[in-house]
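# Structural overview for review
Single-letter residue listing:
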Amino acid sequence: MAESKDYYSILGVSKDATADDLKKAYRKLAKQYHPDAQHTEEDKKNAEAKFKEINEAYSVLSDENKRAQYDRFGSNFEQAGFGGGYGSYGGAYDFSGFGGMDIDLEDILGSVFGGGFSSSKKTQGPTRGADIRTNVSLKFEEAAFGIKKEINVTRNEKCDVCNGSGAKPGSKIITCDKCGGRGKIQMTQNTIMGSFSTVKTCDKCGGSGKVIEIPCERCSGKGIVRKSRKIEINVPAGIDDGQAISLRGEGDAGLKGGPNGDLYIIMKVLPHKYFKRNGFDISANVRVPFAKMALGGDIKIPTLEGEMEFNIPEGTTTGTKFRVKEQGIPILNGKGRGNLEFVVDVDVPKKLTDRQRELLTEFAKTFGEEVNSKKKNIFGR
Ligand SMILES: [Zn+2]
Ligand SMILES: [Zn+2]
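The structure presented is a predicted model; accordingly, all values stated were derived computationally and were not measured.

A separate point is the overall build of the chain. Scanning the chain for helices and strands turns up eight helices and 15 strands. For the chain, buried positions account for 22% of its 381 residues. Relative to all contacts within the chain whose residues are 6 or more apart in sequence, the contacts with residues 24 or more apart total 64%.

Rendered as structure tokens:
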């Protein structure tokens, strides 16, 4: 006699569990160990054994009569003389259709697997096409001022031979021969714990009960074909890295007359040689010769369009920040521009001529400084 199994501990419930407790526990475990939910072959193997065990436990405990027998005799109750026609061990252990219970696995697990269980397609009605996401790379200035670009998109398009119907032109729509037009098929699965039947959506007609007599040759009856398209996009001035533009209806084609999905183009803006962007403001560091910092005057600063002159005051120190209005990024979908900010950095000459060194030494002496003119970096911190 085989060792009696503890069906209660298999399902992780107490001996006084209610029908509801059992169903909940079973759902949870069946979801966890369902072969379709495993990722590796190894997991699948392990889970399969566990899944059978869970099914066995539930099939007994969810049946009041069997549960009573089990409570008295343990899992070998069939051999203890339980005469319900369950046969005996040795192969013919047959809970036909779970011993007459109405367990519809699809019903129990369908919600758990979001309808994916039993690999049936849900409907064959109009279905919206999928959205497509793609990236486009932009130069800093292209994002700032906007540009027209051509991008390549590979997408599902309505088959132009059958106009999306999937049927060969002139062919008819007929009743599905697999399900006889019912849209559902009864499947009987044989396992070591018996055979049980499930009702599945017909995979041939997808539940509609109708199929195409002769499928379109161009699209193999799918109604859609893959196509590569060049699409012109208008990148608006002021767009920033990570932002997207969307084109309605430019995604995958819908099925059976469903609407098309949308196309989302995500901007990848390349860094600029000088500028950093912060919203619509841009910033840069500008090196200024120390004499100019001391004396003040016009310096050249970079702008998005080239360069411009800017007057710094006498005695400007390193780290001073200046702002030039309206020289930043054009406001996206708006008017005006952000600002340009720049921070000055003293440009200390690395090499001096004898004459320059002489003059600087003279200059330093006017402040009463002791200067060793051989030392570099006299303006070092
Ligand atoms: Zn076609
Ligand atoms: Zn069918």
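Having seen the structure, we can now continue with the description.
On the basis of which strands lie adjacent, the open sheet formed by three strands has the order 1-9-8 and mixed pairing. On the outer flanks of this sheet lie strand 1 (132-138) and strand 8 (244-247), each paired with one strand and no other. Looking at each pair of strands side by side, their axes are set apart by 25 degrees on average, direction ignored. Of the pairings in the sheet, the one linking strand 1 to strand 9 (residues 263-269) comprises seven bridges and is parallel in character. Residue Arg 133 lies in a different strand from strand 9, and its bridge partner there is Tyr 264.

Trans peptide bonds make up most of the peptide bonds, and negative phi angles are found at most residues other than glycine. Phi is positive for Asn 163, close to 55 degrees, though the residue is something other than glycine. When you line up the elements, Asn 163 lands in the loop between strand 2 (147-158) and strand 3 (173-175). Asn 163 sits in the exposed class, given 12 other C-beta atoms within 10 Å. One non-glycine residue, Glu 326, adopts positive backbone phi at about 60 degrees. Along the chain, Glu 326 falls in the loop between strand 14 (321-324) and strand 15 (340-347). Judged by local crowding, Glu 326 falls into the exposed class, with 10 C-beta atoms found within 10 Å.

Attention now goes to the sheet that holds strand 14. The pairing of strands in a sheet comes from backbone hydrogen bonds and takes either a parallel or an antiparallel form. Strand order in the open sheet made by the four strands is 10-11-15-14, with mixed pairing throughout. For this open sheet the edge positions go to strand 10 (276-278) and strand 14, each flanked by a neighbour on one side alone. This sheet shows a mean twist of 35 degrees between the axes of neighbouring strands, independent of strand direction. With three bridges connecting them, strand 10 and strand 11 (residues 281-289) associate as antiparallel partners. Counted as the bridge partner of Lys 276 is Ser 283 from strand 11.

Between its terminal C-alpha atoms helix 3 (residues 41-61) stretches 30 Å, which fits the 30 Å expected from 21 residues at 1.5 Å a residue. Listed in full, the buried residues belonging to helix 3 are Phe 51, Ile 54, Asn 55, Glu 56, Ala 57, Tyr 58, Ser 59, Val 60 and Leu 61. Considering only its buried residues, helix 3 is in contact with helix 1 (7-11), helix 2 (19-33) and helix 4 (64-73).

Okay, the nonpolar core next. Judged by nonpolar contacts, the single largest core of 16 residues is most densely connected at Phe 140 and Ala 143. Secondary structure elements with two or more residues in this core: helix 6 (140-145), strand 11, strand 12 (297-303) and strand 15. Non-local contacts of Phe 140, meaning those with residues more than four positions away in its chain, are made with Val 269, Leu 270, Pro 271, His 272 and Phe 275. The next biggest cluster of nonpolar side chains, apart from the first, holds 15 residues, and it includes Tyr 7, Phe 51, Ala 57 and Tyr 58.

Attention now goes to the packing of helix 2 against helix 3. Orientation of helix 2 relative to helix 3, taken along the N-to-C sense of each, is 165 degrees, at an axis distance of 9 Å. Classified by the angle their axes make, helix 2 and helix 3 are roughly antiparallel. When the axes of helix 2 and helix 3 are compared, the crossing they make is left-handed. Residues Leu 22, Tyr 26, Leu 29, Ala 30 and Tyr 33 of helix 2 lie in contact with helix 3, whose contacting residues are Ala 47, Lys 50, Phe 51, Ile 54, Tyr 58 and Leu 61. Taken together, the residues that form the contact of helix 2 with helix 3 break down as ten nonpolar, no polar and one charged.

What counts, and at which threshold
Residue positions are counted from 1 within each chain, in the order its sequence is given. Chain letters and ligand numbers both follow the written order, the letters beginning at A and the numbers at 1. Local features in a predicted model are, by the rule used here, given only for residues with pLDDT of at least 70; side-chain atom pairs are given and counted only at 80 or more, and totals for whole chains, interfaces and linings are based on all residues. Put simply, DSSP marks the helices as runs of H or I at least four residues long and the strands as runs of E at least two long, and each gets a number from the N terminus on. Counting other C-beta atoms within 10 Å of a residue's C-beta gives its exposure: the residue is buried at 20 or more, exposed at 12 or fewer, and partly exposed in between, where C-beta atoms are placed from the backbone. Think of it this way: build a C-beta for each residue from its backbone, and any pair within 7 Å is a contact. Pairing between two strands is assigned when DSSP locates at least 2 bridges connecting them. Under this scheme, a helix contributes an axis fitted over its contacting stretch, all axes are lines through C-alpha atoms, and angles between N-to-C directions fall in the 0 to 180 degree range. Between the first and last residue of a helix there are one fewer steps than residues, each counted as 1.5 Å, and that sum is the expected span. We define a nonpolar core as a collection of buried residues of the types Ala, Val, Leu, Ile, Met, Phe, Trp, Tyr and Cys that are connected via C-beta atoms lying within 7 Å of each other. For classification purposes, an angle smaller than 35 degrees is called roughly parallel, one larger than 145 roughly antiparallel, one from 65 to 115 roughly perpendicular, and anything else oblique. By definition, any crossing whose near helix is turned counterclockwise from its far helix by less than a right angle is left-handed, and any crossing with a clockwise turn is right-handed. Polarity classes work like this: nonpolar for Ala, Val, Leu, Ile, Met, Phe, Trp, Tyr, Cys and Pro, charged for Asp, Glu, Lys and Arg, and polar for all others, with Gly in that last group.

Interpretation in functional terms is not warranted from these geometric data alone.
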